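# Secondary and tertiary structure notes
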Amino acid sequence: QFLVRVQHALTRVIKGVGGFSHDQWRSFQSERRTAEAKNFLDGDLIETFLDLKRPKAEEVAAIVGVSVDELSKRIEELQRLH
């Protein structure tokens, strides 16, 4: 649940690639249909938190309900796993 909240907060605070929303960017699209991406965590998006300037990082952390330092620490720990 924690990482889902982080991902949601990031999609609210930062702009998506090429001006697309994050949901549009990660959706599946073919000639026959378009399907939104569901039930997965975007590690690349979550790691972008570590590159945010302090004001944006504080905004994300406030939405999640933790300090910037705590959020940075938890994401860095996850980064070490891969």
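Residues numbered from 1 in each chain as written. Predicted model: local features only at pLDDT ≥ 70, side-chain atom pairs only at ≥ 80, totals over all residues. Heavy atoms only, no water.

Moving on: the overall build of the protein. Regarding its fold elements, the protein presents five helices and two strands. Along its sequence from the N terminus, the protein presents helices and strands in the succession α-α-β-β-α-α-α. The buried share of the protein, taken over its 82 residues, is 23%. Excluding contacts between residues fewer than 6 apart, the proportion of contacts in the protein whose partners are at least 24 apart in sequence is 60%. (Helix = DSSP H or I, 4+ residues; strand = E, 2+ residues; numbered from the N terminus. Buried < 20%, exposed > 50% of the residue type's maximum accessible area, 1.4 Å probe, protein only. Contact = heavy atoms within 4.5 Å.)

This part is about helix α1 (residues 2–13). Between its terminal C-alpha atoms α1 stretches 17 Å, which fits the 16 Å expected from twelve residues at 1.5 Å a residue. Within the span of α1, buried status applies to Phe 2, Val 6, Gln 7, Ala 9, Leu 10 and Val 13. Across the axial projection of α1, the buried residues extend over an arc of 165 degrees, all falling on one side. (Expected span 1.5 Å × (residues − 1). Arc of directions from axis to C-beta.)

A few words now on the packing of aromatic side chains. Summed over the entire model, instances satisfying the criterion amount to zero aromatic pairs. Directly above the ring of Phe 2 sits Arg 74, whose terminal nitrogen or CZ lies 3.6 Å from the centroid. (Phe/Tyr/Trp six-rings, centres within 6.5 Å; stacked < 30°, edge-to-face > 60°. Lys NZ or Arg CZ within 6 Å of the ring centre and 35° of its normal.)

Here the protein averages 84 in pLDDT, and 71% of its residues register 70 or above. Here strand β2 (residues 34–35) is the element of the protein with the lowest mean pLDDT, 58, and helix α4 (residues 54–64) is the one with the highest, 97. (pLDDT = per-residue confidence, 0-100.)

Between α1 and α4, whose axes approach to 9 Å, the crossing angle comes to 135 degrees. Considered as vectors, α1 and α4 are oriented oblique to each other. Crossing geometry of α1 relative to α4 is assigned as right-handed. Seen from α1, the contacting residues are Phe 2, Arg 5, Val 6, Ala 9, Leu 10, Arg 12 and Val 13; seen from α4, they are Lys 56, Glu 59, Val 60, Ile 63 and Val 64. Classifying every residue of the contact of α1 with α4 by side-chain character gives eight nonpolar, no polar and four charged. (Axes fitted to C-alpha atoms, helices over the stretch in contact; angles between N-to-C directions. Parallel < 35°, antiparallel > 145°, perpendicular 65-115°, else oblique. Left-handed = near helix turned anticlockwise from the far one by under 90°. Nonpolar A, V, L, I, M, F, W, Y, C, P; charged D, E, K, R; others polar.)

This part covers the side chain of Asp 42. Within the secondary structure layout, Asp 42 lies in the loop between β2 and α3 (43–47). Engagement of the side chain of Asp 42 in a polar contact is seen with the backbone nitrogen of Asp 44, the distance being 3.1 Å. (Polar contact = N/O pair within 3.5 Å; in protein donor to acceptor, adjacent residues only side chain to side chain.)

Following the criterion strictly, the structure yields two salt bridges and no others. Where Glu 58 meets Arg 54, a salt bridge forms, and the shortest distance between an N and an O atom there is 3.2 Å. Taken together, the residues span about one helical turn, with Glu 58 and Arg 54 both in helix α4 at a distance of four residues. With a relative accessible area of 41%, Glu 58 lands in the partly exposed category. Look at Arg 54 and you get partly exposed, because its relative accessible area is 46%. Ionic pairing is found between Asp 69 and Arg 54, a salt bridge with its closest N-O pair at 3.9 Å. Of the two residues, Asp 69 is situated in helix α5 (residues 68–79) and Arg 54 in helix α4; the sequence distance between them amounts to 15 residues. For Asp 69, a relative accessible area of 54% puts it in the exposed group. Within this structure, Arg 54, Glu 58 and Asp 69 form a network of salt bridges that share partners. (Salt bridge = Lys/Arg side-chain N within 4 Å of Asp/Glu carboxyl O.)

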